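# Structure at a glance
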Amino acid sequence: NAGVMQNPRHLVRRRGQEARLRCSPMKGHSHVYWYRQLPEEGLKFMVYLQKENIIDESGMPKERFSAEFPKEGPSILRIQQVVRGDSAAYFCASSPPARDGYTFGSGTRLTVV
Amino acid sequence: KNEVEQSPQNLTAQEGEFITINCSYSVGISALHWLQQHPGGGIVSLFMLSSGKKKHGRLIATINIQEKHSSLHITASHPRDSAVYICAVIYSGGGADGLTFGKGTHLIIQP
């Protein structure tokens, strides 16, 4: 029973490129959350999704960032036209419908050069 | 403002010592999590609490809902316990559906 799978583990992008981060939740988990950890800062909530629905995106930057969780396949966090300030660790977590447990992925470390 | 405060921010102790990390929050919550993160590593969920006390191996987590306070204890600490320990809450009554995190406690256990 694999845990939450995130890929890639490390991603390097040049300024202006697009970054796509993927997250496959645990089997049986229908809720996905994305969090960002900036260097030397704490974790911050970005977005909460269920299949084909964005439930809460109050933590997402208003521009360049988007997230989806399609009916089939992983959840995707997409960052367009990346800037140096986007360099961070992005963590995905999933929970079952009852939201009575959280499992985190290993994270994607994005570096913008 | 909904905040999660942790103390201490940094803690260095000798192997075998009893460790306590504290967490306080400002408004009502539906659940509190204790998480562990090793340098450059992923995040492991240690406990999820809504009341009382939980124990897993050498780790014990307690929560006092009335006082809005939780503690994480490590008995017989070991160098492999060195990590950042993060308290996180889900606020009840609306607002963001995700976790709100404390800044973490950096724990170093020296042999």
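Residues numbered from 1 in each chain as written. Chains lettered and ligands numbered in written order. Predicted model: local features only at pLDDT ≥ 70, side-chain atom pairs only at ≥ 80, totals over all residues. Heavy atoms only, no water.

### Quick look at the interface of chain A and chain B
- The partner chain B presents 17 residues to the 19 residues of chain A that form the contact.
- Among the residues of chain A in contact with chain B, Leu43(A), Tyr102(A) and Phe104(A) are the three that bury the most area, contributing 39% of the side total.
- Our count for the chain A to chain B interface comes out at 0 salt bridges.
- At the junction of chain A and chain B, the tally comes to 3 residue pairs in polar contact (both at pLDDT 80 or more).
- Of all the secondary-structure elements, those providing two or more residues to the side of chain A that touches chain B are strand S4 (31–37), strand S5 (43–50) and strand S6 (53–56) of chain A.
- Counting residues per element, the side of chain A that touches chain B draws most heavily on S5(A), at 4 residues.
- Among the residues making up the side of chain A that touches chain B, the classes are represented as 9 nonpolar, 5 polar and 5 charged. (Contact = heavy atoms within 4.5 Å. Buried area = accessible area lost by both parts, 1.4 Å probe. Salt bridge = Lys/Arg side-chain N within 4 Å of Asp/Glu carboxyl O. Polar contact = N/O pair within 3.5 Å; in protein donor to acceptor, adjacent residues only side chain to side chain. Helix = DSSP H or I, 4+ residues; strand = E, 2+ residues; numbered from the N terminus. Nonpolar A, V, L, I, M, F, W, Y, C, P; charged D, E, K, R; others polar.)

### Regarding the packing of aromatic side chains
- Enumeration over the complete set of coordinates arrives at 6 aromatic pairs over all chains.
- Plain terms: the ring middles of Tyr102(A) and Phe104(A) are 5.9 Å apart, the flat faces sit at 35° to each other, and that makes the pair tilted.
- In this structure an aromatic cluster arises from ring pairing among Tyr33(A), Tyr35(A), Phe45(A), Tyr48(A), Tyr102(A), Phe104(A) and Phe101(B). (Phe/Tyr/Trp six-rings, centres within 6.5 Å; stacked < 30°, edge-to-face > 60°.)

### Structural notes on the sheet that holds strand S8 (residues 69–74) of chain B
All names here are of chain B.
- Strand order in the open sheet formed by 5 strands is S1-S3-S8-S7-S6, and the pairing between neighbours is antiparallel. Edge positions in the sheet fall to strand S1 (4–7) and strand S6 (52–56), since each of these pairs with one other strand and no more. Ignoring strand direction, the axes of neighbouring strands in this sheet form an average angle of 15°. (Pairing = 2+ DSSP bridges. Axes fitted to C-alpha atoms, helices over the stretch in contact; angles between N-to-C directions.)

### Concerning the side chain of Ser87(A)
Residue and element names in this part refer to chain A.
- Tracing the sequence through the fold places serine 87 in the loop between strand S8 (75–79) and strand S9 (88–95).
- For serine 87, a relative accessible area of 18% gives the class buried.
- From its side chain, serine 87 meets the backbone nitrogen of valine 112 in a polar contact 2.9 Å long. (Buried < 20%, exposed > 50% of the residue type's maximum accessible area, 1.4 Å probe, protein only.)

### Details of the pairing of strand S11 (residues 108–112) of chain A
All names here are of chain A.
- Most of S11 is tucked away, with 4 of its 5 residues classed as buried.
- The sheet contact formed by S9 and S11 spans 3 bridges and is antiparallel. Each bridged residue has a counterpart across the sheet, and for tyrosine 90 the counterpart in S11 is threonine 108.

### Structural notes on the confidence of the model for chain B
- Per-chain confidence: chain B averages 92 in pLDDT, with 94% of residues scoring 70 or above.
- Mean pLDDT per element in chain B: strand S10 (residues 100–101) of chain B is the minimum at 91, and S8(B) is the maximum at 98. (pLDDT = per-residue confidence, 0-100.)

### A look at the sheet that holds strand S7 (residues 65–68) of chain A
Residues and elements named next belong to chain A.
- Taken in spatial order, the 4 strands make up an open sheet running S1-S3-S8-S7, and their pairing is antiparallel. Only two strands of the sheet have a single partner each, and these edge strands are strand S1 (5–7) and S7. If you compare each strand with its neighbour and ignore which way they point, the axes differ by 15° on average.
- Relative to S8, S7 is paired through 4 bridges, and the arrangement is antiparallel. When the sheet's bridge partners are listed, phenylalanine 65 is paired in S8 with isoleucine 79.

### Quick notes on the environment of Val84(B)
Residues and elements named next belong to chain B.
- Note that valine 84 resides in strand S9 (residues 83–91).
- According to the relative accessible area criterion, valine 84 is buried, its value standing at 15%.
- Linking valine 84 and tyrosine 25, residues 59 residues apart in sequence, is a C-alpha distance of 19 Å.
- Sequence-distant contacts of valine 84, defined by excluding residues within four places in its chain, comprise Leu35, Gln36, Gln37, Gly104, Thr105 and His106.

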